[in-house]
Amino acid sequence: MSFSTDASFKREFLETHNAYRAKHGAQPLTYNSELNAAAQKWADHLLQTGSMKHSKSGENIFNKWTSAPLKLTGKEAVESWYNEIKDYNWSRPGYSDSTGHFTQVVWKESTELGVGLATDGNNVFVVGQYRPPGNMNMPGYFEKNVLPQGYEEQGGMLGKPTHHQKVTGWADASWTSPGSGLWTIMLSNCGAVAVHSLLVTVWLH
């Protein structure tokens, strides 16, 4: 049996995406009916074939099986993708199979979302499709699209956090301003072997 995602699942799926994206300075996603239809078609296909193959770039897939009757929430799939953040190497930004779901969820240039869900009661597939697709592994793309946690958007510009927040994956973060609205943040990641630092300069209006 397969079925279209119900309203509560879709709402929670979208809200969870946007809550995580807000932590990384990315604008909220909105649903696209074409992407919803394509994601649903692919979720149905995955359930029918029992495979985990992608249909296109800019796509996340979640699968869960249980012997007991299964009721999946919209948050559960997105949360599993976002939790890959723990393995993301902020000192060497780029694509990895172990973090690709996370980086797509927070990819700054993605603006539209589609979701499909198919289940037989015990086995469930969730497909998320994104436009424009994320995980574009060209020079500089990950640096500008996957931002450390603690950023916010101010009129489309990258801004200083409203509170002094620890940036996920970094041991310390300090803000300094030489004036005229220019801010610099030094992020230090102190590991057991080496200390990595990242210097980011942003302009505040």
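Throughout this document, residue positions are counted from 1 along each chain, in the order its sequence is written. For this predicted model, a pLDDT threshold of at least 70 governs which residues receive local features, and a threshold of 80 or more governs which side-chain atom pairs are given and counted, while totals over whole chains, interfaces and linings are taken from all residues. Note that water and hydrogens are dropped before the side-chain values are worked out from all heavy atoms of the structure.

Asks: Is there a simple way to think about the sheet that holds strand 1 (residues 30-31) in this case?
Replies: The strands making up a sheet associate through backbone hydrogen bonding, with each pair oriented either parallel or antiparallel. Taken in spatial order, the four strands make up an open sheet running 1-3-4-2, and their pairing is mixed. Strand pairing shows two members of the sheet lacking a second neighbour, strand 1 and strand 2 (59-65), which therefore form its edges. In terms of strand pairing, strand 3 (residues 112-119) meets strand 4 (residues 123-131) through eight bridges, oriented antiparallel. Bridge pairing in strand 4 links Ala118 to Phe125. Along the sheet, helix 1 (residues 7-22) makes contact with strand 1, strand 3 and strand 4, crossing strand 3 at roughly 135°. By the convention used here, residues are in contact when the closest approach between their heavy atoms is within 4.5 Å. Helix axes are fitted to C-alpha atoms over the stretch in contact, other axes to C-alpha atoms as well, and angles between N-to-C directions run from 0 to 180 degrees. The helix and strand labels rest on DSSP assignments: H or I over at least four residues marks a helix, E over at least two residues marks a strand, and numbering proceeds from the N terminus. With respect to the sheet, helix 3 (residues 74-82) is in contact with strand 2 and strand 4, its orientation differing from that of strand 2 by roughly 115°. Being paired, for any two strands, means DSSP has found at least two bridges between them.

Asks: Help me understand the pattern of salt bridges in this model?
Replies: A side chain of one charge can pair with a side chain of the opposite charge if their charged atoms are brought near each other. Put simply, a salt bridge is a Lys or Arg side-chain nitrogen that is within 4 Å of an Asp or Glu carboxyl oxygen. Throughout the structure, instances matching the rule amount to seven salt bridges. We note a salt bridge from Glu34 to Arg131, for which the minimum N-O separation is 3.4 Å. Taken together, the positions of Glu34 in helix 2 (residues 33-49) and Arg131 in strand 4 put the pair 97 residues apart, joining distant regions of the chain. Here the term buried applies to any residue with accessible area under 20% of the maximum for its type, exposed to any over 50%, and partly exposed to those in between, with areas from a 1.4 Å probe on protein chains only. By relative accessible area, Glu34 is classed as exposed at 52%. A salt bridge links Lys75 to Glu79, with the shortest nitrogen-to-oxygen separation between them at 4.0 Å. In this pair, Lys75 and Glu79 both sit in helix 3, four residues apart, roughly one turn of the helix. When salt bridges with common partners are traced through the structure, they connect Glu34, Glu112 and Arg131 into a single cluster.

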